[in-house]
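# Survey of secondary and tertiary structure
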Amino acid sequence: MVLISVVRDYVTRMLQDISGMKVLVLDSQTVSIVSVVFSQSELLQKEVFLVELLDNVSKESMTHLKAVYFVRPSSENIQLLRKQLNNPRFGEYHLFFSNILKTNQIQVLADSDEHEVVQQVQEFYADFCAADPYHFSLNVKLNHIYMLPAVLDPHGSQNFCDRSVDGISALFLALKRRPVIRYQHSSDIAKRIAQESAKLMYEHESGLFDFRRTEISPLLLVIDRRDDPVTPLLNQWTYQAMVHELVGIEDNKVDLKSVGKIPKDQQEMVLSAEQDAFFKANMFENFGDLGMNIKKMVDEFQQVSKSNQNIQTIEDMAKFVDNYPEYKKMQGNVSKHVALVTEMSRIVQERKLMTVSQTEQELACNGGQVAAFEAVTNLLNDESISDVDCLRLVMLYALRYEKESPVQLMQLFNKLASRSAKYKSGIVQFILKQAGVDKRTGDLYGNRDFLSLARNMARGLKGVENVYTQHQPLLFQTMENIIKGRLRDADYPFVGNHFQQGRPSDVVIFVIGGTTYEEARSVAMHNAANTGTRFILGGSVILNSDRFVKDLEEAQRISRSNSAV
């Protein structure tokens, strides 16, 4: 069962068993969880009259309405609920929690229900945001915490780990499976999250996870974003990933308010494969093919428009009225995708991203340090290339050639600093400290594995279909290694005494620090190939290069202030 179906099923069961007009009360996390799988019109069909936030509930009495609460079982939420139950505004309270309730929390709720308005308390395990069928995020706010040693921010580090364990455990409860757990050996935080997840599933809540055993248990692999810092630094050229990189996607919504000449009804648009057939068919297409497909869609719409203008009889008019909702939907869809692609084309031209991206792909996929240094230097000398694009180029060069060309690297550092005072702070050196070659487990550039090296050489000799999409994330190689049983125990040890015999049919890969839509595409393409192993990808957030760099800058700022102290 895909993740979106799991969450939709939970929310449907919550709402359909309660008849009459309802208020749906959510918290800051569950509002994202619900909004990506249900539209407002669908909620209206379920008789949801109003949606409110738990920490911003109005004081108006509405005893004629039934309140359906769907919130995380955090201590803050329990306290807010306690206050609201002490002075109830609604006729009935139906409480649903997205994860496991502690015994003391149940007691607090019971003690608070003096007016006996609570009709039910249930756990519905949807403590993750299902962005796509096989891709989820936890929408962690302070995502940079994973880069800091726990001693610098013990409270923040514990919150980050707790949220990760909560999300992972809810996912497996929703899937009704208990996994064998492995983690990236070189990452302390990956080890900690893997061990705490195992403790929860096999000790503290072992009864909840005691599902019918299958021959081969599913695998949970916990890895660290810093093992592949290249993927979130690259410009993207497939539709979904490109939108997130250039404009930004948050909970499957795209905000174009800052773009001039966009009609009001298109300033915030939903980009969901569940609700948009064109997006579903084209989300993984490259930019060139996407343009052709949008042209076809516009041509088809023009044909429909012409036939609608040719109304001559009462029958024609009746047919038009019957088809009008579908016609309006088609019109809105055409306008949405044309507006989005037009805006992305403008950004690509303005920032010369085709030139920049070609060099990025060469740095990520092919060797040749001398040519790479010359290409990056030329772009740094070009005043029309933005500072942030120059920063990413220098980071990509540094990650690739940190051991081979320290002198040239220093020249690039100085050139970048002379261009922008903002980047005098040594952010490139910080990414090397965080994710340099000595810190990484995986074979990021295919230098250690002879087969990878041969494959890269063959690809370089034959050429590739599209120079802008030749990069494959490290995750692709990790999936191949899992399928072929080549994931080394020394690099990815098991937690406890739970080992795996044979190839797992279900694998969840959780990326501490965040996933990318390029990686989600790799997972979706793999699953579509039906190899016998199904992958689900999740992480603390969904990254683009802007978010990744901001996380680096925030982690560097905290590290420096603690060093000064």
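Residues numbered from 1 in each chain as written. Predicted model: local features only at pLDDT ≥ 70, side-chain atom pairs only at ≥ 80, totals over all residues. Heavy atoms only, no water.

## Let's talk about the environment of E250
By the element assignment, E250 lies in the loop between α8 (239–246) and β10 (253–255). Assessed through its relative accessible area of 61%, E250 is described here as exposed. Expressed as a C-alpha distance, the spacing of E250 and V511, which sit 261 residues apart in the sequence, is 18 Å. (Helix = DSSP H or I, 4+ residues; strand = E, 2+ residues; numbered from the N terminus. Buried < 20%, exposed > 50% of the residue type's maximum accessible area, 1.4 Å probe, protein only.)

## Observations regarding the packing of helix α4 (residues 75–86) against helix α5 (residues 103–112)
To characterise two packed helices, one gives the angle between the axes of the helices and the distance between these axes. One way to put it is that α4 packs onto α5 with a least axis distance of 9 Å and a crossing angle of 15 degrees. Between α4 and α5, the crossing angle belongs to the class labelled roughly parallel. With respect to the hand of their crossing, α4 and α5 are arranged in right-handed fashion. Residues S75, I78, L81, R82, L85 and N86 of α4 lie in contact with α5, whose contacting residues are Q105, V108, L109 and S112. Among the residues forming the contact of α4 with α5, the class breakdown is five nonpolar, four polar and one charged. (Axes fitted to C-alpha atoms, helices over the stretch in contact; angles between N-to-C directions. Parallel < 35°, antiparallel > 145°, perpendicular 65-115°, else oblique. Left-handed = near helix turned anticlockwise from the far one by under 90°. Contact = heavy atoms within 4.5 Å. Nonpolar A, V, L, I, M, F, W, Y, C, P; charged D, E, K, R; others polar.)

## Some remarks on the pattern of salt bridges
Across all of its chains, the model carries 30 salt bridges by this definition. For the salt bridge of E350 with R346, the shortest nitrogen-to-oxygen distance reads 2.8 Å. Placement of both E350 and R346 in helix α11 (residues 314–350) is noted, with a separation of four residues, approximately one turn of the helix. Under the relative-accessibility criterion, R346 is labelled partly exposed at 38%. One salt bridge in this structure joins D438 and K403, with 3.1 Å as the shortest N-O distance. A residue pair is termed long-range when its members are at least 10 positions apart, and D438 in the loop between α16 (427–435) and α17 (450–462) and K403 in the loop between α14 (387–401) and α15 (406–419) qualify at 35 residues. By sharing partners, the salt bridges in this structure join R72, D127, R163 and D166 into a single network. (Salt bridge = Lys/Arg side-chain N within 4 Å of Asp/Glu carboxyl O.)

## Observations regarding the packing of aromatic side chains
Going through the model one piece at a time under the given rule, you end up with 12 aromatic pairs. Here the aromatic rings of Y10 and F124 are separated by 5.2 Å at their centres, their planes lie at 25 degrees, and the arrangement is stacked. You can see Y10 sitting in helix α1 (residues 3–16) and its partner F124 sitting in the loop between β5 (118–123) and β6 (129–132), a full 114 residues away along the chain. The exposure class of F124 is buried, given its relative accessible area of 5%. Geometrically, the ring pair formed by W237 and Y468 is tilted, given 5.1 Å between the ring centres and 45 degrees between the ring planes. Here W237, found in the loop between β9 (219–224) and α8, pairs with Y468, found in the loop between α17 and α18 (474–483); they are 231 residues apart in sequence, far enough to count as distant. (Phe/Tyr/Trp six-rings, centres within 6.5 Å; stacked < 30°, edge-to-face > 60°.)

## Considering unusual backbone geometry
Despite not being glycine, D251 shows a phi value in the positive range, around 50 degrees. For D251, the position within the fold is in the loop between α8 and β10. The residue N252 is not glycine, and still its phi comes out positive at about 65 degrees. Examined against the element boundaries, N252 turns out to sit in the loop between α8 and β10. Judged by relative accessible area, N252 falls into the buried class, the value being 6%.

## What to know about the sheet that holds β9
Taking strand neighbours across the sheet as the criterion, the six strands line up as β6-β7-β13-β12-β9-β8 in an open arrangement whose pairing is mixed. Lying at the two open borders of the sheet, with one neighbouring strand each, are β6 and β8 (180–183). Sheet twist, expressed as the average angle between the axes of neighbouring strands with direction ignored, equals 25 degrees. Note that β6 and strand β7 (residues 135–137) share three bridges and pair antiparallel. Counted as the bridge partner of C129 is S137 from β7. Across the sheet, helix α19 (residues 517–528) lies against β6, β7 and β13 (534–539), angled at about 165 degrees from β13, the strand it touches most. (Pairing = 2+ DSSP bridges.)

## What to know about α15
For α15, spanning 14 residues, the distance from its first C-alpha to its last is 20 Å, which sits close to the expected 20 Å at 1.5 Å a residue. Taken together, the buried positions of α15 are occupied by L409, L412, F413, L416, A417 and R419. The buried residues of α15 occupy an angular sector of 155 degrees when projected down its axis, which confines them to one face. Among the exposed residues of α15, those oriented more than 90 degrees off its buried face are V407 and S418. The elements touched by buried residues of α15 are α13 (369–380), α14 and α16. (Expected span 1.5 Å × (residues − 1). Arc of directions from axis to C-beta.)

## Details of the sheet that holds strand β4 (residues 90–97)
On the basis of which strands lie adjacent, the open sheet formed by five strands has the order β2-β1-β3-β4-β5 and parallel pairing. Edge strands, defined here as strands with exactly one partner in the open sheet, are β2 (48–53) and β5. Each strand of the sheet is rotated relative to its neighbour by a mean of 20 degrees, with strand direction disregarded. Pairing of strand β1 (residues 22–26) with strand β3 (residues 62–71) involves five bridges; the strand directions are parallel. By the bridge assignment for β3, L26 is matched with F70.

## Focus on the pairing of β4
Extensive coverage of β4 is indicated by the burial of six of its eight residues. Bridging between β3 and β4 involves seven bridges; their strand directions are parallel. For Y69, the partnering residue across the bridge sits in β4 and is L95. Taken together, β3, α4 and β4 constitute a β-α-β crossover, and its handedness is right-handed. (Right-handed = clockwise from strand over helix to strand, strands pointing away.)

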